[in-house]
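# Chain and residue survey
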Amino acid sequence: MRINNLLSTSCLLIFLSIQTLSAQVWPGDVNNNGLVNHIDFLYWAQVYGETGPPRGEDEMGVDFSEKLIDAEWGMEFPDLPLDIVYADCDGNGVIDEEDYFAFLLNMGLNSGVITSDIFVDGLSGVDPQIEIGMIPPGIITEGSFLTFLLSLGTEDSPINDFNGIAFTMNFAPDVIAPNFAGFQPTWVPDDFTYSASYYQVDAGKIDVAFHRRDLGPLPEAFGPFGIVSLVIEDDVVGHNGSLETYFYIDNIRLVDSEFSSTPTAGDSITLNIFPNDIVASEDEIEPEETFELYPNPVVDQVQIQTNRNLERLTLWDALGQQIHDQTLSGKLHSFDMQHLPEGMYYLEVQTSSGIHNRKLVLHRR
Ligand SMILES: [Ca+2]
Ligand SMILES: [Ca+2]
């Protein structure tokens, strides 16, 4: 019995020492699952600022190769039995912004066998949901620049203790032009650039993450948290009618200051893309339309003027909710916004020649 205990203790010691000696970091694969992606960025940001023993001189750097670890740091990630030394991507002994280059360089790379990341899917209507809104709503044609406003939580049901989020935006790959995808978070200051996005347009997805890092979590957050922009390919519709396409969000990880995940539901949106030649032929009939809107920012009233006939005015708020719709006539219209709260709005004006979309800011000074 005693010999058995001794044996198993020795085995354990040998096993532990092998584990320590053979431990290695692939820069950027912070959760050590074999793949560098947006989830790794969340783990890195969560332990930002921690320090420990650096790697050996020959093992420094963020290039994607095995880097041997001399010593672990004696602290694990909040939800993972893994030493945080894996977040020190460049190996200098500090988890800081130098490590961020590992994400810029290595997103999407894998070191062999991948263990899937865990996502906690929520139920629509029960859990918080990422909602997809369009800016501006209106006719979408080939070559259109699409802007999706992503919102989370409501005033009555805010996200408590928001610290970071990761998700995937999916779309039909042949419909979206490569090299024009983007994501801009809004629940961090404008000059705060530490978000991570990985665009795989040919695979039909963008992986996105952002984290408030050392800014501290938001106690209660709701409303728009970021903007995804994409460009529709030229020449995807053909000559018969329109093309229906989809966008949806899944694989969401919403974390609080303790790195606990809240189940979060995704959203989907279906759009119709119209061929360019339909719009081009309209332009040829009436090429000289003028359209003016002033002032912007709006103090109380906005003037809309065109040399065609005004037909319809529709207004959406920053959450993408329609708050006003009316038919118009004549060439000049004064639209009163005095009763509305200050903020950003999206205005669509239809004239006899076409549709005009404008972003308005209401600011009373
Ligand atoms: Ca990983
Ligand atoms: Ca480092």
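The shown structure was predicted, so the numbers you read here are calculated from the model rather than taken from an experiment. (Residues numbered from 1 in each chain as written. Chains lettered and ligands numbered in written order. Predicted model: local features only at pLDDT ≥ 70, side-chain atom pairs only at ≥ 80, totals over all residues.)

Attention now goes to the overall build of the protein chain. Scanning the protein chain from terminus to terminus reveals four helices and 21 strands. In the protein chain, which comprises 365 residues, the proportion classed as buried is 31%. A separation threshold of at least 6 residues defines the contact pool for the protein chain, and within that pool the share at least 24 residues apart is 73%. (Helix = DSSP H or I, 4+ residues; strand = E, 2+ residues; numbered from the N terminus. Buried ≥ 20, exposed ≤ 12 C-beta atoms within 10 Å, placed from the backbone. Contact = placed C-beta atoms within 7 Å.)

In this section: the sheet that holds strand β7 (residues 182-185). Pairing is antiparallel in the open sheet, where four strands are placed in the order β3-β5-β11-β7. With partners counted over all chains shown, the strands left at the sheet margins are β3 (130-135) and β7, one partner each. Mean inter-strand twist for the sheet, computed between neighbouring axes without regard to direction, equals 25°. (Pairing = 2+ DSSP bridges. Axes fitted to C-alpha atoms, helices over the stretch in contact; angles between N-to-C directions.)

With that settled, consider the pairing of strand β21 (residues 355-362). Bridge count for strand β20 (residues 343-351) against β21 is eight bridges, and the pairing is antiparallel. Bridging from a neighbouring strand, V349 pairs with H356 of β21. Here β20 hands over to β21 after three residues, the two strands then running antiparallel side by side.

Right, let's get into unusual backbone geometry. In this model, Y294 is joined to P295 through a cis peptide bond whose omega is -10°. Mapped onto the fold, P295 is located in the loop between β15 (291-294) and β16 (301-306). Positioned with a positive phi, R213 is a non-glycine residue whose angle comes to about 45°. Mapped onto the fold, R213 is located in the loop between β9 (205-211) and β10 (218-221). With 19 C-beta atoms counted inside 10 Å, the residue R213 sits in the partly exposed group.

One turn of the α-helix equals 3.6 residues, which is why residues spaced by three or four share an orientation. Within helix α2 (residues 38-46), nine of the nine residues are buried, which leaves it mostly tucked inside the rest of the structure. All buried positions along α2 are accounted for by H38, I39, D40, F41, L42, Y43, W44, A45 and Q46.

We now examine the environment of L328. Structurally, L328 can be placed in the loop between β18 (322-327) and β19 (332-336). A residue is classified by how many C-beta atoms lie within 10 Å of it, and L328, with 18 of them, is partly exposed. For the pair formed by L328 and V349, sequence separation is 21 residues and the distance between their alpha carbons is 9.2 Å. Not counting the four nearest positions on each side in its chain, L328 is found in contact with L310, E311, R312, L313 and H333.

With that settled, consider the sheet that holds β18. Taking strand neighbours across the sheet as the criterion, the four strands line up as β18-β17-β20-β21 in an open arrangement whose pairing is antiparallel. Each edge of the open sheet carries a strand with a single partner, namely β18 and β21. Each neighbouring strand pair of the sheet contributes to a mean axis angle of 15°, computed without reference to strand direction. Where strand β17 (residues 310-317) meets β18, five bridges bridge the pair, whose relative direction is antiparallel. Residue pairing for β18: L313 is matched across the bridge by Q326.

A few words on the environment of F210. Looking at the secondary structure, you find F210 in strand β9. Taking the C-alpha atoms as reference, F210 lies 6.3 Å from A196; in sequence the two are 14 residues apart.

Across soluble globular proteins, you tend to see nonpolar side chains buried next to one another. The biggest cluster of nonpolar side chains holds 60 residues, and the ones touching the most others in it are L42, W44, A87, F167, M169 and A209. Sorting the residues of this core by element identifies α2, α3 (101-106), β5 (145-152), β6 (159-171), β8 (195-200), β9, β11 (223-231) and β12 (243-256) as the ones contributing at least two each. Counting residues per element, this core draws most heavily on β6, which supplies seven residues. Two domains each put at least three residues into this core: domain 1 (2-106) and domain 2 (130-280). Discounting residues that sit within four places of it in the chain, L42 has contacts with G164, A166, A209, H211, R253 and V255. (Core = buried A, V, L, I, M, F, W, Y, C linked by C-beta atoms within 7 Å. Domains from an automatic or database assignment.)

Relative to the assigned elements, P178 resides in the loop between β6 and β7. Note: C-alpha distance between P178 and V231 (53 residues apart in sequence) is 8.0 Å. Setting aside anything within four residues of it in sequence, one finds P178 in contact with V201 and D202.

On to the pairing of β8, then. With six bridges joining them, β8 and β9 adopt antiparallel strand pairing. Bridging across to β9, Q200 finds its partner in K205. Counted along the chain from β8 to the antiparallel partner β9, the turn is four residues long, and its residue G204 has a positive phi close to 75°.

On to the confidence of the model for the protein chain, then. In low-pLDDT segments, the atomic positions of the prediction should not be examined closely. In the predicted model, the protein chain carries a mean pLDDT of 86, and 88% of its residues have values of at least 70. Across the protein chain, the secondary-structure element scoring lowest on mean pLDDT is helix α1 (residues 2-22), at 46, and the one scoring highest is strand β2 (residues 67-68), at 96. Scored below 50 in pLDDT, residues 1-21 makes one contact in the model with residues more than four places away or belonging to other chains. Segment residues 282-286 is flagged for pLDDT under 50; beyond a separation of four residues in sequence, or across chains, it makes three contacts in the model. (pLDDT = per-residue confidence, 0-100.)

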